[in-house]
Amino acid sequence: MSAAPAYNEDKGGSAGPGEPEYGHDPASGGIFSSDYKRHDDLKAMLDTNKDSLKLEAMKRIVAMIARGKNASDLFPAVVKNVACKNIEVKKLVYVYLVRYAEEQQDLALLSISTFQRGLKDPNQLIRASALRVLSSIRVPIIVPIMMLAIKEAASDMSPYVRKTAAHAIPKLYSLDSDQKDQLIEVIEKLLADKTTLVAGSVVMAFEEVCPERIDLIHKNYRKLCNLLIDVEEWGQVVIISMLTRYARTQFLSPTQNESLLEENSEKAFYGSEEDEAKGPGSEEAASTALPARKPYVMDPDHRLLLRNTKPLLQSRSAAVVMAVAQLYFHLAPKAEVGVIAKALVRLLRSHSEVQYVVLQNVATMSIKRRGMFEPYLKSFYIRSTDPTQIKILKLEVLTNLANETNIPTVLREFQTYIRSMDKDFVAATIQAIGRCATNIGRVRDTCLNGLVQLLSNRDELVVAESVVVIKKLLQMQPAQHGEIIKHLAKLTDNIQVPMARASILWLIGEYCEHVPRIAPDVLRKMAKSFTAEEDIVKLQVINLAAKLYLTNSKQTKLLTQYVLSLAKYDQNYDIRDRARFTRQLIVPSEQGGALSRHAKKLFLAPKPAPVLESSFKDRDHFQLGSLSHLLNAKATGYQELPDWPEEAPDPSVRNVEVPEWTKCSNREKRKEKEKPFYSDSEGESGPTESADSDPESESESESKSSSESGSGESSSESDNEDQEEDEEKGRSSESEQSEEEGKKKKMKKRKKVPEGQEGGLSSDEGSDSSSSSSESEMTSETEEEQVEPASWRKKTPPSSKSAPAAKEVSLLDLEDFTPASVQPVSPPTVVSTSLAADLEGLTLTDSPLVPSLLSPVSGAGRQELLHRVAGEGLAVDYTFSRQPFSGDPHMVSVHIHFSNSSDTPIKALHLGTPKLPPGISIQEFPEIESLAPGESATVVMGINFCDSTQAANFQLCTQTRQFYVSIQPPVGELMAPVFLSENEFKKEQGLQGGR
């Protein structure tokens, strides 16, 4: 094979004989002479066996894609290299396939087996890229493959792969919406992920697939709030937007009491004659009536959200700052909203695109919260370099912020803006002056005089806009401004802008009694040019003629008839109809109806003055920062911001109950749920101690436990090193005398116990071997609080202790490690049965353990299956009875406990059609016909988990509702106890290939 071609991108390149040449073409100025030759050369490079050439070709292809060039015809050559062993080449191949897999679906399907192998690749980037390509092939036939790949990726050890799985969920949902139920299960699993890399992506998938399933957020709300500061910027925006809607449904409005106080203060200030007549006693009654409404107390979770988002106002991302700003505007009390003003003003130094979006939202905020931005008034002054859209938005904000204090400054700014060369901006400034005159009465005359001076401006557009604004201002006080109307009437000869001419004609006709001599002359001039006028002007000429006919028919009768005759034959049907209607209305005739007698009331009725309002006044019903708010129209996919609830929902739905099998890894949470147990080890708590005693530090408890362990050893000194070794692995023993046997039993029955249990070892012959590992550690942590005499505790039978409130579910909780019964019973012997079984193992004989010495099994602690709030009064718990199911020995027996906490009976309680993974099966329980309020019921169902920890998902159905629930078994519930003596255990251990 010839040598690889030498390539120099700057000076061109040369190749050996038989090799294609890759270099600059001076004629074309590009890397290749033509697209055809370029693609052929790349195909040749991809067909070689040299990874270096393939890598160079893929780099160039990806560079082509980045520049917007079409490289789709290279798909067959590229897809063949998807199985390349070179990692760098494979990464670039997947980048290419993600781009073109949707366009070349048939060719991509041929390599689907390779993509599936890529899902098992050791490199996390390859696994993620394979899933990304697989989800980009939008062919319904591979939906099951995609679903399986997403489920596997959701359990991947790499957070990057789990993040990619979250990205693939919306793609699969858009391809096949029937997969929604299974996708919700994956979303629920990923929402529990504690990695910041996954949080934003899974929330986005939640928003796309099931935004209505707000119950999925309850348990993860606090975690999302705490992770928010560490999530990437894109994820922060998505999470904040979702939490804003969540908070509006779960918390009370923080402004409800403020609005109540405002209403009451207004009534107290203005008062009424009736209130004065009632006397002082009515004031006392009113003051006592005010606190009748329950005082507002902010929910701690509401405060948590506000507290954790506030630091993000300093984010470098404008999108994050805008997201936090809208959250505070919609959720925070009025006294706290002001913190967002400074952050938003800082964004005005960004690019014009960012300024446009920020100013749109500031314009909306400044209408309701004017005081928030008043200290930053000068930040909204307009620069000459600002684009027109930015100028108009800043003008809007300045107008909203104008008040009697700062109006002189604002008007001086407006006076400068009028001299701008930007005509649209000047027109907007004149409208802003009119709004200021409308809102602030004391500057109305000043603004009107300034606008009248603009009528002499050389720019026709400025004059026209001034006329329109003056017309609106004159409607407020027409009698005081007759001279201005006369001045406007003289402008009809010069102004050619249709809207301005129409406004002047409307003013003359509306207030014709103030200009009785000028109005007929204006009508005469307009009659001459009637046919050449615009339609909007013609309509106002007809109105002017009708009004003058009704008020001054002697001078205008013939003119009116002439104008109506011209309008009768106009090309526009609106004008023709208006002329016929006006003639029948104002000209008396035999055919004229009752309306002609009321013509003056119709034409000369007093009109209310127009209200000049901001165009952003009604935009606050859209969520700030959304596309719908920007467009002032509901965009596709927009979700309405919910209204505040009248009553606070149950806050306990956000309380996270630590799963029973993970409690051993969290000491502080476990302490609150454990109850005391009795032990014979020196220094441990007695039977009268409370489980709620103050916790000792971890180091103290571990050192105390280790010292007790050392003092209690009597017969296993040679095994001390093994004991310490097992402690480092987190294993809890029952007694030091049975340590060797217990260690081997537990190695067979469990794979892993969290390291937090290493402090829970106790070593005394009289210790209660039926206590779980979590109970053992709990005692070691609280043993220094209260110390009871060891002799007194030794006389206490182990079986007389009360059962723990929440029994830990771990691999140690099997038959030979659980108490005889949950109910206290009198012991038949002084030594516990389980301890006897342990002591028997020390005889070093081959005699098997007697099953009769072991205690019968007891169920694990209850776990929540359906919360009473989510179940609308129906609360469901479940326990593993640790007995084979009577109908099928391969099934696990699960007890389902129903309780009705609502006010109405729940009828037809049964199991819906389950959607189970392959291999898992469920034996349904008999239907419960009716469950009365306050009653409880327990049923037994069987589940075959097929020796896996996959969750069994099914529906609990009532007569009216369906609830999606799932049961995921801990590993310990899938194992059966095995009875072996120590010698038998060693024999079995010797048959194993490794330890």
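Residues numbered from 1 in each chain as written. Predicted model: local features only at pLDDT ≥ 70, side-chain atom pairs only at ≥ 80, totals over all residues. Heavy atoms only, no water.

- The protein chain is annotated in an unreviewed UniProt entry as AP-3 complex subunit beta of Bos taurus.
- The UniProt entry for the protein chain carries this comment under Sequence similarities (unreviewed entry): "Belongs to the adaptor complexes large subunit family."
- Quoted verbatim from the Subcellular location (unreviewed entry) heading of the UniProt record, the comment on the protein chain is "Endomembrane system". (UniProt positions renumbered as here; feature names shortened; annotations may be inferred.)

1. Topic: the pairing of strand β3 (residues 892-900)
- Burial within β3 is extensive, with 7 of its 9 residues counted as buried.
- Two strands pair when backbone bridges link them, and β3 and strand β7 (residues 936-944) are joined in this way by 8 bridges, in the antiparallel orientation. Within β7, the position partnered with His895 by the bridge is Val940. (Buried < 20%, exposed > 50% of the residue type's maximum accessible area, 1.4 Å probe, protein only. Helix = DSSP H or I, 4+ residues; strand = E, 2+ residues; numbered from the N terminus. Pairing = 2+ DSSP bridges.)

2. Things to note about the sheet that holds β7
- Strand order in the open sheet formed by 5 strands is β1-β2-β3-β7-β5, with antiparallel pairing between adjacent strands. The sheet is open, and its two edges are formed by β1 (863-866) and β5 (921-923), each paired on a single side. This sheet shows a mean twist of 35 degrees between the axes of neighbouring strands, independent of strand direction.
- Pairing analysis gives 8 bridges linking strand β2 (residues 874-884) to β3, with the strands arranged antiparallel. Bridging across to β3, Leu874 finds its partner in Asn900. (Axes fitted to C-alpha atoms, helices over the stretch in contact; angles between N-to-C directions.)

3. Concerning the pattern of salt bridges
- Tallied over the entire structure, the rule returns 29 salt bridges.
- Among the ionic pairs, Asp301 bridges to Arg222, the shortest N-O distance being 2.9 Å. In this pair, Asp301 sits in helix α18 (residues 300-309) while Arg222 sits in helix α13 (residues 221-227), placing the two residues 79 residues apart along the sequence.
- Among the residues examined, Asp301 registers a relative accessible area of 5% and is labelled buried.
- Its relative accessible area of 27% is what places Arg222 among the partly exposed residues.
- Ionic contacts of the salt-bridge type, sharing partners, join the residues Arg222, Asp299, Asp301 and Arg654 into one network. (Salt bridge = Lys/Arg side-chain N within 4 Å of Asp/Glu carboxyl O.)

4. Let's talk about the confidence of the model for the protein chain
- In the predicted model, the protein chain carries a mean pLDDT of 74, and 71% of its residues have values of at least 70.
- A low-confidence stretch, residues 259-291 stays under pLDDT 50, and its non-local contacts, those more than four residues away or across chains, total 7 contacts.
- Low pLDDT, under 50, characterises residues 669-859; the predicted model gives this stretch 329 contacts beyond four residues in sequence or across chains. (pLDDT = per-residue confidence, 0-100. Contact = heavy atoms within 4.5 Å.)

5. With respect to the packing of helix α2 (residues 51-66) against helix α4 (residues 87-100)
- The interhelical angle for the contact between α2 and α4, taken along N-to-C directions, is 30 degrees, at an axis separation of 9 Å. When the axis of α2 is compared with that of α4, the two are roughly parallel. Here α2 and α4 pass one another in a crossing that is left-handed. Between α2 and α4, the contacting residues are Asp51, Lys54, Leu55, Met58, Lys59, Ile61, Val62 and Ile65 on the first element and Glu88, Val89, Leu92, Val93, Val95, Tyr96, Arg99 and Tyr100 on the second.
- Taken together, the residues of the contact of α2 with α4 sort by class into 11 nonpolar, no polar and 5 charged. (Parallel < 35°, antiparallel > 145°, perpendicular 65-115°, else oblique. Left-handed = near helix turned anticlockwise from the far one by under 90°. Nonpolar A, V, L, I, M, F, W, Y, C, P; charged D, E, K, R; others polar.)

6. Notes on the packing of aromatic side chains
- Evaluated as defined, the whole model comprises 12 aromatic pairs.
- Between Tyr221 and Tyr246, the ring centres sit 5.1 Å apart and the planes meet at 25 degrees, which makes this aromatic pair stacked. One end of the pair, Tyr221, is in helix α13; the other, Tyr246, is in helix α14 (residues 233-250), with 25 residues separating them in the sequence. Accessibility classification places Tyr221 together with Tyr246 in one group, the buried group.
- Measuring from centroid to centroid gives 5.8 Å for Tyr878 and Phe880, while their planes differ by 85 degrees, and the two rings are edge-to-face. A single burial state applies to Tyr878 and to Phe880, both of which are buried. (Phe/Tyr/Trp six-rings, centres within 6.5 Å; stacked < 30°, edge-to-face > 60°.)

7. Brief notes about unusual backbone geometry
- For Asn632, which is not a glycine, the phi torsion comes out positive at approximately 60 degrees.
- Along the chain, Asn632 falls in the loop between α36 (627-631) and α37 (667-671).

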